[in-house]
Amino acid sequence: MKLPSEGGDRKRLVLAVVAVAAIVGYYLLSRKLGHLDLQNLLEDVSNTLGAWTYLLVGVFAFAETGAFVGLVVPGETVMLLGGAVAGQGAIDVDLLIAIAWFSAWAGDTTSFFVGRRLGREFVLRHGPRFGIGHERFERVEDYFSRHGGKTIFIGRFISLVRAFAPFIAGSSGMRYRAFVPYSILGTGLWASAHILIGYFFSRSIDTAAKYAGRGAFLLATTIVVVVGAVVLVRRFRVEENRRAAVRWVERRPGGRWLVALGRRLRPQLQFLWDRVTPGGTFGLEFTSLMATLSVAVFVLVAYTTIVGGDPGPTPGDMAAMEVAESLRTSWLVEMAKVVTDLGSAALVLPLAAICAAALVARRRWAELGVLVAGMAIVVLGVHELKDAVDRPRPSGGLVETSGSSFPSAHAAYSTFYLWLAVTIVMRLRPGMARGAAVVMAGIALTALIGLSRVYLGVHYLSDVSAGWALGAAAFSLCAAVALVISMLRHNALGAAAGSPEDRG
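Residues numbered from 1 in each chain as written. Predicted model: local features only at pLDDT ≥ 70, side-chain atom pairs only at ≥ 80, totals over all residues. Heavy atoms only, no water.

(A) Spotlight on the overall build of the protein chain. Secondary structure assignment for the protein chain yields 20 helices and 0 strands. Each of the 504 residues in the protein chain was classed as buried or not, and the buried ones make up 37%. The long-range fraction of contacts in the protein chain, counting pairs at least 24 apart against all pairs at least 6 apart in sequence, stands at 79%. Carbon and sulfur atoms make up 68% of the accessible area of the protein chain, which amounts to about 28300 Å² in all. (Helix = DSSP H or I, 4+ residues; strand = E, 2+ residues; numbered from the N terminus. Buried < 20%, exposed > 50% of the residue type's maximum accessible area, 1.4 Å probe, protein only. Contact = heavy atoms within 4.5 Å. Areas by Shrake-Rupley, 256 points an atom, 1.4 Å probe, with all protein chains shown as cover.)

(B) Expanded view of a nonpolar patch on the surface. On the surface, Leu196, Tyr199, Phe200 and Phe201 cluster together to form a nonpolar patch covering roughly 360 Å² of accessible area. Turning to its location among the elements, Phe200 is positioned in helix α8 (residues 176-200). Residue class for Phe200 comes out exposed when judged on its relative accessible area of 62%. (Patch = residues over 30% accessible without salt bridge, like charges linked within 9 Å, V, L, I, M, F, W, Y side chains within 5 Å. Salt bridge = Lys/Arg side-chain N within 4 Å of Asp/Glu carboxyl O.)

(C) Up close: unusual backbone geometry. Of the consecutive residues Phe406 and Pro407, the connecting peptide bond is found in the cis state with omega at -10 degrees. Following the sequence through the fold, Pro407 ends up in the loop between α16 (365-389) and α17 (409-428). At Arg363, a residue that is not glycine, the phi angle is positive and equals roughly 60 degrees. Tracing the backbone shows Arg363 in the loop between α15 (345-361) and α16. Unusually for a residue other than glycine, Asp390 sits at a positive phi of about 50 degrees. As for its placement among the helices and strands, Asp390 is situated in the loop between α16 and α17. Of the residues examined, Asp390 reaches a relative accessible area of 55% and is grouped as exposed.

(D) Spotlight on helix α14 (residues 330-341). Between its first and last C-alpha, α14 extends 17 Å over 12 residues, near the 16 Å set by a 1.5 Å rise per residue. Among the residues of α14, those classed as buried are Val333, Ala336, Val339 and Thr340. The arc that holds every buried residue of α14, seen down its axis, measures 125 degrees, which confines them to one face. Exposed and oriented more than 90 degrees from the buried face of α14 are Ser330, Trp331 and Val338. The elements touched by buried residues of α14 are α17 and α18 (435-455). (Expected span 1.5 Å × (residues − 1). Arc of directions from axis to C-beta.)

(E) Expanded view of the nonpolar core. Core analysis: the biggest nonpolar cluster contains 35 residues, and Leu371, Met375, Val378, Phe416 and Trp419 have the highest contact counts within it. Looking at this core, the elements that each hand over two or more residues are α12 (282-309), α15, α16, α17 and α19 (461-497). Aside from chain neighbours lying at most four places away, what touches Met375 is Val348, Leu349, Ala352, Val370, Tyr413, Phe416 and Phe475. In this structure, Val78, Ile91, Val93 and Ala191 belong to the second largest nonpolar core, which totals 18 residues. (Core = buried A, V, L, I, M, F, W, Y, C linked by side-chain atoms within 4.5 Å.)

(F) Molecular detail of the packing of α17 against α18. Viewed as axis vectors pointing N to C, α17 and α18 meet at an angle of 180 degrees, and their least axial separation amounts to 8 Å. The angle between α17 and α18 falls in the class roughly antiparallel. Contact residues: His410, Ala411, Ser414, Thr415, Tyr417, Leu418, Ala421, Val422 and Val425 in α17; Gly435, Val438, Val439, Gly442, Ile443, Leu445, Thr446, Ile449, Gly450 and Arg453 in α18. Split by residue class, the contact of α17 with α18 holds 11 nonpolar, 7 polar and 1 charged. (Axes fitted to C-alpha atoms, helices over the stretch in contact; angles between N-to-C directions. Parallel < 35°, antiparallel > 145°, perpendicular 65-115°, else oblique. Nonpolar A, V, L, I, M, F, W, Y, C, P; charged D, E, K, R; others polar.)

Spelled out as structure tokens, the structure:
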């Protein structure tokens, strides 16, 4: 008669053997791929595919997590090859990064929702066969609720983790709004880093692969150091462990003076630690702002580089102009003229002044600072970029315009409405009914103002995209700075309120 424990041991043994076999197979496959003649492969790809490289890179960036292809073919090799093809002048590197970034994020999102749809039910139903019971899966869910964002971001640079992390995040019940900022940042850095390495080392793709490998080693080392630091912090939170460590140091030669120095500096170190330790939703909010800032800066820099080199319309601009002309009717033109005026400086700046006065009356200094600094950056940024790029406007515009076309000032100013909607819902009236509808209205108004400039034929789509990016970058940067300042100030007030003098 077979005991139940024997069956469980056998299942765990089989699972361990399968896991070891998978790791060994992945290692051997990686070694095999590492011995490919990448230089010859680069020449074949460049000569054969040309512009089709965009599609190749996009498909692999998506499929790595969206279809778990990353378990078989690491996407870094394809990103390096794509960057090298761009370095040889066959394709545009900015557009390539944008395609890879979007495709990788789309793959993460697809894997996440597949995990949410199928993963949890599958694990709960079949997990016990492989030693993953309900209790263990609950611990995984708890882990992702607390550390899922960091796992998604760091795991993007580790092949095996990258392939599974979004799926596990979705199946564990992690919220998408907590998942997406880390996915955007991780995919952006991952795609940009590998493509740019291939781009700058396009004359020797093997050298690029070597540097990418060194980068992965440094990243792994950093992860080990960070994890070690976290373990030490958690251990030394226990007072008895701290005392034992102090006693151990004091018994070592020269350790007594080190302990004395630490005790003398302890108040200052504690003061600094309390002010740089965020709490609450700071991490998620700050990461979301950084994700917005990174995407906006990338779009702005990419279009400035492209238009600065060639002021003519891009392929996307031509396609947008054709669509606008096909949809042009008299009543839509009149409506577009009304909508486009909502983004004019003559209307937006007075509205911003009224909002600033209302924030002063309510003593909302952080929001006031974001508004004033953000609008100032937008106004100055529009003026400086117009002078620097000096792009001619499209011919045949339906409203009177003057000055340079790039970037669109109306599109940049229109981001004020989105900032206002988000500020009302998240800061001034948190938890308000139909808050999502208010934010969607802000997004729609910002989008319509920008698109009206294309529809009226006074801006290219690239001008409008750059204007949106400038506004988004300005407000997200100022909001991130205000968030950090508010957090530090809150910690300082909390420390002062808890001081012995205040309590007295």
